[in-house]
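Chain residues, written in single-letter form:
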Amino acid sequence: MDNITVLFPGGFKPLTGAHMELAQRYAAEANVDRVIMLIAEKDRDGITRNNSMQIFDILNTNPKIEMQPTAFNSPITAAYEYLFALPEDATGNYAMAASTKGDDYVRAKGFISNVEKYKLVGNKNKRKIPQGVNGEELSINVDPLTDKKGNPISATTLRNAIATQDYESFTSGYPKTDPDKIKQIWAILTGLTESTFSVGWWKQVVEGSMGAKNKDQHDSKIKKLRSFLDNNKGTDFVYDFEEFSKTVFGAPILESIISENYISRSELAAIEPIIDQFFKKYGIDVDFQGKFTHFIDRLNDPRNEGTIRLDDIENLFSDLANEYGEDIASQIQQKQPTAVASDFQFDVPIHMPFMLEFDPRRGLIKLIPRTIKAQRRKWQSNNPSDRIYTIETVKRSEKLITEGGAAGHMSHPWDSQDLTFADMKEIVRRGLSGRLDIEEAVTEKTDGQNIQVTWKNGQIGFSRNKGTIVNPMTTAELQAKFDNRGPISEAFGEAGNDLQQAFAKIPQDRLNEVFKNGRVFANMEIIYPASRNVISYEVAVLQFHNLIEYDEKGNIVETNAAGGALVQQIVKDANADMQKTFQIIPPQQIKMGRVDNFEDQEAALINEIDQLRNTYNLQDNDLVTDYHKAWWSNIIRTKAQELGYELPEQALNVLVYRWAFFNKETSLTVLKKMITSPEFLAWVLEMDKGEFKRLYKENMEPFESIFLRLGVIVLQNAQNFLALNPSQAVQQIKTELAELIRELQQSDDVKTLDKLKLELQRIQKLGGFDAIVPSEGIVFIYRGQTFKLTGAFAPVNQILGVLKYSR
């Protein structure tokens, strides 16, 4: 078959010599017209799509090869979406790129049959590939390109070389590329600094741009400047930084590194004994390795998204020792010598990979920092054996709204501290296009009673909170806990009995395999008609959601979003899914669809997100928390100015984190000492009593409004809810609401009336009673994190589930 277009989808972060080699091999085939490299949007370790497209322009000289952006991060999805988007009258032959010697060849094997299927019946959303489009198998029988050591070239390896500033290893990723082009690529991905390049490369750049004589003068100046700053931190010093500014590319960058926010080696050495004290009781000695460490170069690197100060380093190590000292010491015995610490308690999180070595002479474990970065994105480890130590703010642990106690956090998108404005836009697009299931199936968030179950020491165990994670309740203890509570007692009591009977039919080795003797719990919902909350399901079911693994202290280690279906299948295989009172079921999968007025809805919601972003001149890749910090800073600074008080920056930051993120790590006693104005302090103390919560809601409201409206649109376009009679369930909610509203309006309680008015306004903004659906909401996965969309359920639940019992 002639005139074939080859689709080559991927992340390409960065684009490597191996990627281009495969594209060139396809382009060399006589029957290939075009090779289209579809590049996904998702960044990897700070490498953007724009970076890789710049690299493509440097590497590619073949007019048959082109690179196009795609909105889909999954390569398979990107290829099929390209075909779905073709005009109905489009014709042509298309193949999926893959070397027969590579692991990704399997993705091309089903391409032809899938294209035919999508032409005939369409995908699950009934979208079809044009009839004139044909799928072809065009495999290239070639070994993947390898580096100097014979290892297949991968983007992961190159990202690791960038992280460690190993230019020589980086060049191995482009074995057939002109050295000058590799230098251009390195500059795009890293920026130019003295420490960035190998000695040979830096010497070549310097001598080539300024000559050997001036190069020696420049080196002498830099050496003198470094020496002075190392030995005279804080001393006034005047130096002519303009002398060589036009003679060497990169010199001004270097000079800014060592003259602004510079931490000297002597200063780093001075705080090492202080840091050692944090780890002394664990037998750990921190070793910055003096002049040999790369740590200090990256510490002073201008690519950091925030300045790293000496105090920050001390705080990072103090936090790490306090939370994970014992765990780090145990790594040596477990033969896991590498780890990454990520401390999110700074304005810009600080990430520090480190390694451990045992010093038999001193009988101590050496903790050696490998590098350090201040960046907003989560650290993406290139080493799967790295232990990850996450240090989070008090706010994160206090504000987590657990689903029934111990089940882990499932946040609304507006609650998350990890989302950027670009992420919020992507969630909107996925929701409106019916693609929230890209990473995992979308499931229903059911409105029942939550419980967790495990298998420990040969018997079933139950948990409702962190304490019972460590020491699970027996069936009898569970029933006693909910004794004398009417239908609630029946729900938990019968659930305990049915689960005990079900687990008794499953082989113990299978239970131990899943639950790891009590370390793993199955998170589940009890849905019992007599104990219903808001939604009427008319069925008695025990619905598994996910599996959660905990450590010995009851802290969450890992969540398996697909674990609910696994556990239910084990129960079903044992013919134990039908019990006396309950049927045991998996998560209820929801069918999603693209909304009819997709473009209008998308434009409206994304425009609102852009307006919020632009309020404080933020960018799409900024975290939404940056908006909240700016919002609260404005409130606090304005009050200080009204009172004629120049508020210290440290006190401002403490107040912002205290009120924006509920971080009360700094006590009021300490805070009072920071504030010297009695009038401003009085305002702070009054605000802290509770007024800040009203402002907190005001700050969050525009984001909450966007995603509640998105939830309404998505839920109205969804199908397959658990409620047996959806229309009847909705009508029942509306009837109860109307009756309760009439009753509450007769109340003399001002707070109740104000609350009712607020929630009715929220329902009205979402579309009134027509926005109500027979479901609490949906649960979906975005970039590995679990989120929920609840639509109108939130205000409805506040009336039927809160005000109803406040009378």
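Note: the structure precedes this text.
Quick summary incoming for the structure in this document.

### A look at the packing of helix α21 (residues 598-615) against helix α25 (residues 678-716)
Right, on to step 1. Where α21 contacts α25, the axes come no closer than 10 Å and their chain directions differ by 165°. Taken as axis vectors, α21 and α25 run roughly antiparallel relative to one another. Considering how the two elements wind past one another, α21 and α25 form a crossing that is left-handed. Contact with α21, carried on its side by Q601, L605, E608, I609 and L612, involves P702, F703, I706, R709, L710 and I713 of α25 and no other residues of that element.

### What to know about the environment of I609
Right, on to step 1. When you line up the elements, I609 lands in helix α21.
Right, on to step 2. For I609, a relative accessible area of 1% puts it in the buried group.
Right, on to step 3. As for I609 and I706, which are separated by 97 residues in sequence, their C-alpha atoms are 8.0 Å apart.

### Describing helix α20 (residues 563-573)
Right, on to step 1. Along α20, the positions that sit buried rather than exposed are G563, G564, V567, Q568, I570 and V571. In an axial view of α20, the angular spread of the buried residues amounts to 155°, which keeps them on one side of the axis.
Right, on to step 2. The inward-facing, buried residues of α20 abut α18 (487-504), α19 (508-515), β15 (520-527), β16 (541-550), β17 (556-560) and β18 (583-585).

### Some details on the sheet that holds strand β3 (residues 65-69)
Strand pairing in a sheet relies on backbone hydrogen bonds, with the paired strands running either antiparallel or parallel.
Right, on to step 1. Read across the sheet, five strands follow the order β3-β2-β1-β4-β5 without closing on themselves; strand pairing throughout is parallel. Looking at the sheet topology across the chains shown, the edges are occupied by β3 and β5 (132-136). Each strand of the sheet is rotated relative to its neighbour by a mean of 30°, with strand direction disregarded.
Right, on to step 2. Pairing geometry for strand β1 (residues 4-10) and strand β2 (residues 32-39), over seven bridges, is parallel.

### Considerations on the sheet that holds strand β19 (residues 777-782)
Right, on to step 1. Ordered in space as β12-β19-β20, the three strands form an open sheet in which the pairing is antiparallel. A strand with exactly one partner marks an edge of an open sheet, and here the two such strands are β12 (443-445) and β20 (785-789). Between one strand axis and the next, the sheet turns by 40° as a mean value, whatever way the strands run.
Right, on to step 2. Pairing between β12 and β19: three bridges, direction antiparallel. Across the sheet, T443 pairs through a bridge with V779, a residue of β19.
Right, on to step 3. Against the sheet, α25 engages β19 and β20, with an angle of about 80° to β20.

### Observations concerning the pattern of salt bridges
Right, on to step 1. Under the counting rule described, the total for this entry stands at 31 salt bridges.
Right, on to step 2. A salt bridge links D626 to R376, with the shortest nitrogen-to-oxygen separation between them at 3.3 Å. Of this pair, D626 sits in helix α22 (residues 624-642) while R376 sits in the loop between β10 (373-374) and β11 (387-391); the two residues are 250 residues apart in sequence, bridging distant segments of the chain.
Right, on to step 3. Given the relative accessible area of 23%, R376 is considered partly exposed.

### Topic: the pairing of β17
Right, on to step 1. As defined by bridge partners, β16 adjoins β17 across four bridges and the pair is classed as antiparallel. For L547, the partnering residue across the bridge sits in β17 and is N560.

### Re the nonpolar core
Right, on to step 1. Of all hydrophobic cores here, the largest spans 68 residues; its most connected members are W632, I636, W659, F680, F707, L710 and I778.
Right, on to step 2. Only α15 (421-432), α21, α22, α23 (649-660), α24 (668-674), α25, β19 and β20 provide two or more residues apiece to this core.
Right, on to step 3. At 18 residues, α25 tops the list of elements feeding residues into this core.
Right, on to step 4. When residues no more than four places from it in sequence are discounted, the contact partners of L710 are I427, V428, L432, L605 and L789.
Right, on to step 5. Of all hydrophobic cores here, the second largest spans 35 residues; its members include L299, L316, L356 and I372.

Here is what the cut-offs are and how they apply
- Residues numbered from 1 in each chain as written.
- Predicted model: local features only at pLDDT ≥ 70, side-chain atom pairs only at ≥ 80, totals over all residues.
- Heavy atoms only, no water.
- Axes fitted to C-alpha atoms, helices over the stretch in contact; angles between N-to-C directions.
- Helix = DSSP H or I, 4+ residues; strand = E, 2+ residues; numbered from the N terminus.
- Parallel < 35°, antiparallel > 145°, perpendicular 65-115°, else oblique.
- Left-handed = near helix turned anticlockwise from the far one by under 90°.
- Contact = heavy atoms within 4.5 Å.
- Buried < 20%, exposed > 50% of the residue type's maximum accessible area, 1.4 Å probe, protein only.
- Arc of directions from axis to C-beta.
- Pairing = 2+ DSSP bridges.
- Salt bridge = Lys/Arg side-chain N within 4 Å of Asp/Glu carboxyl O.
- Core = buried A, V, L, I, M, F, W, Y, C linked by side-chain atoms within 4.5 Å.

Coordinates in, geometry out; function isn't part of it.
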